[in-house]
Amino acid sequence: MALAVMLLNGASFHGGCCRHRVLLSSLGPLLSNSKLYSSYRRPGAEPEKKLFWQNADFSFKKSIDHLKTHLSLLKKETQEYLKGPGGHPLNQHLLEQTRVLWQFRSQEDLNKWVISSDVEIGGKSKVYIKLGRNNQAALLYGTLNTEVPRDGETKYSGYCSMRSRPLVGSFNRKKYYDWSNFNSLYLRVRGDGRPWMVNIYTDPYFSHQKDDLYSYFMFTRGGPYWEEITIPFSKFFLSSRGRVQDNQHPVWLDKASFLTLGFTIGDKVDGPFQLEIDFIGLLNDRAHKEKFAYEAYDKN
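Source: prediction; values computed, not measured.

1. Describing the overall build of the protein chain
Now for step 1: The helix and strand tally for the protein chain stands at five helices and 13 strands.
Now for step 2: When each of the 300 residues of the protein chain is scored for burial, the buried share is 36%.
Now for step 3: A sequence separation of at least 24 residues applies to 73% of the contacts in the protein chain between residues at least 6 apart.
Now for step 4: When the accessible surface of the protein chain is split by element, carbon and sulfur atoms take 54% of a total near 19200 Å².

What follows is the structure in structure tokens.
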């Protein structure tokens, strides 16, 4: 098995294609706990001595159960595809003006999201997520700490984030959101007055685009009242590794690019924070005519 994975990994250097990724995904039941790609390691930390293939699970029963699960997912996806776009009838899809993407009413809803902080790079910020009062919202809270880790390489610290898990179809295929029918992001939140960054992560076509994301600001009022926030997609700007790019273009909302959505706080103010999110949805605002809010430069 280890030799097979090594050959598949090596195929990317000779074949120039991505067929080996499909084969690797088919080995998911056997290599579910293994590390096929290198993860981040703090400077000076000891590398993991245990080989990735030593964590492989060769259980035949688990493989059969895994196959049954994916076959049922494939059946469901086929039925939704035959029914219409997104599993809805065509007339409903064309007339749709609002859509709720995520709402938080149970632990299962929270499991669709991942939280992270600068602890990954040696920082001291802390972030947690739980259901709010009466299980009617997600409560994201924690403490921001801008102290830079003393590793000799990290220059900035102090951030916490919440990010949706990517959609996964049958047989570990990537699935994408199709938001081409809408022009705005619609949220119902209650914050503490601190600003947040709303991030849209896309699936890059080339490796040098893996750090690209589209962002815009979300300002919370604070206080006891909920607020409904509408953010047009035309306002999102392109950045890479924290730097705003000169070459700007609108977000591609079709199913070929959009992957996940996230929220980040990093306002360089030490102390506690909290954000309650009731739901996250889409809105087709007929009054919003703006295509793109930023100047697009002509390429030479």
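2. Observations regarding the pattern of salt bridges
Now for step 1: Following the criterion strictly, the structure yields 11 salt bridges and no others.
Now for step 2: As a salt-bridge pair, Glu 227 and Arg 221 come within 3.9 Å of each other at their nearest N and O atoms.
Now for step 3: Taking relative accessible area as the criterion, Glu 227 reaches 6% and is therefore assigned buried.
Now for step 4: Among the ionic pairs, Lys 235 bridges to Glu 290, the shortest N-O distance being 3.5 Å. Within this pair, whereas Lys 235 is found in the loop between strand S9 (227-232) and strand S10 (237-240), its partner Glu 290 is found in the segment after strand S13 (271-283), the two being separated by 55 residues in sequence.
Now for step 5: Classification of Lys 235 as partly exposed rests on a relative accessible area of 25%.
Now for step 6: Residue class for Glu 290 comes out partly exposed when judged on its relative accessible area of 31%.
Now for step 7: Taken together, the shared-partner salt bridges connect Arg 105, Arg 188 and Asp 278 into one network.

3. Side note on the nonpolar core
Now for step 1: Residues Phe 104, Leu 185, Met 218, Phe 236, Leu 261, Phe 263 and Ile 280 are the most contacted members of the largest nonpolar core, which totals 37 residues.
Now for step 2: Apart from residues no more than four positions distant in its own chain, Phe 263 is found in contact with Trp 113, Cys 160, Ser 161, Met 162, Leu 187, Trp 196, Met 197, Val 198, Met 218, Ile 277 and Ile 280.

4. Regarding helix H3 (residues 60-83)
Now for step 1: Counted at 1.5 Å a residue, the expected span for H3 with its 24 residues is 34 Å, and the 35 Å between its end C-alpha atoms agrees.
Now for step 2: After H3 finishes, the residue Gly 84 shows a positive phi value of roughly 155°.

5. Observations concerning unusual backbone geometry
Now for step 1: Despite not being glycine, Asn 134 has its phi angle at roughly 60°, a positive value.
Now for step 2: Topologically, Asn 134 is positioned in the loop between strand S3 (126-131) and strand S4 (138-144).
Now for step 3: Positioned with a positive phi, Arg 241 is a non-glycine residue whose angle comes to about 55°.
Now for step 4: Structurally, the position occupied by Arg 241 is in the loop between S10 and strand S11 (243-244).
Now for step 5: Residue Arg 241 is classed as exposed on the basis of its relative accessible area, which comes to 62%.

6. Points about the pairing of S3
Now for step 1: Sheet topology places S3 next to S4; six bridges connect them, and they run antiparallel. Paired with Val 127 across the two strands is Gly 142, which belongs to S4.
Now for step 2: Linking two consecutive strands that pair antiparallel, namely S3 and S4, is a turn of six residues; a positive phi of about 60° is found at Asn 134 within it.

7. As for the environment of Lys 174
Now for step 1: Tracing the backbone through its elements, the reader meets Lys 174 in the loop between strand S5 (160-164) and strand S6 (184-191).
Now for step 2: Along the backbone, Lys 174 and Asp 203 are 29 residues apart, and their C-alpha atoms lie at a distance of 9.6 Å.
Now for step 3: In this structure, Lys 174 is in contact with Leu 167 and Asp 203, ignoring residues within four places of it in sequence.

Rules of the game
Going along each chain's sequence as written, the residues are numbered from 1 onward. With pLDDT at 70 or above as the cut-off, local features in this predicted model cover only qualifying residues; side-chain atom pairs require 80 or more to be listed or tallied, and sums for whole chains, interfaces and linings still use all residues. Hydrogens and water molecules were not included; the side-chain quantities draw on all heavy atoms of the structure. The secondary structure listing takes helices from DSSP runs of H or I that are at least 4 residues long and strands from runs of E that are at least 2 residues long, numbered from the N terminus. A simple rule labels every residue: compare its accessible area, found with a 1.4 Å probe on the protein chains alone, to the largest value its type can have, and call it buried under 20%, exposed over 50%, or partly exposed in between. Every residue pair with non-hydrogen atoms within 4.5 Å of one another is taken to be in contact. For the area figures, the Shrake-Rupley method with a 1.4 Å probe applies, and any residue is considered shielded solely by the protein chains shown. One side-chain nitrogen of Lys or Arg within 4 Å of one carboxyl oxygen of Asp or Glu is enough to make a salt bridge. Residues belong to one nonpolar core when they are buried, are Ala, Val, Leu, Ile, Met, Phe, Trp, Tyr or Cys, and are joined through side-chain atoms within 4.5 Å. Here a helix's expected span is defined as the number of its residues, less one, multiplied by 1.5 Å. Strands are treated as partners if at least two bridges between them are detected by DSSP.

That is the geometry; function is a separate question.
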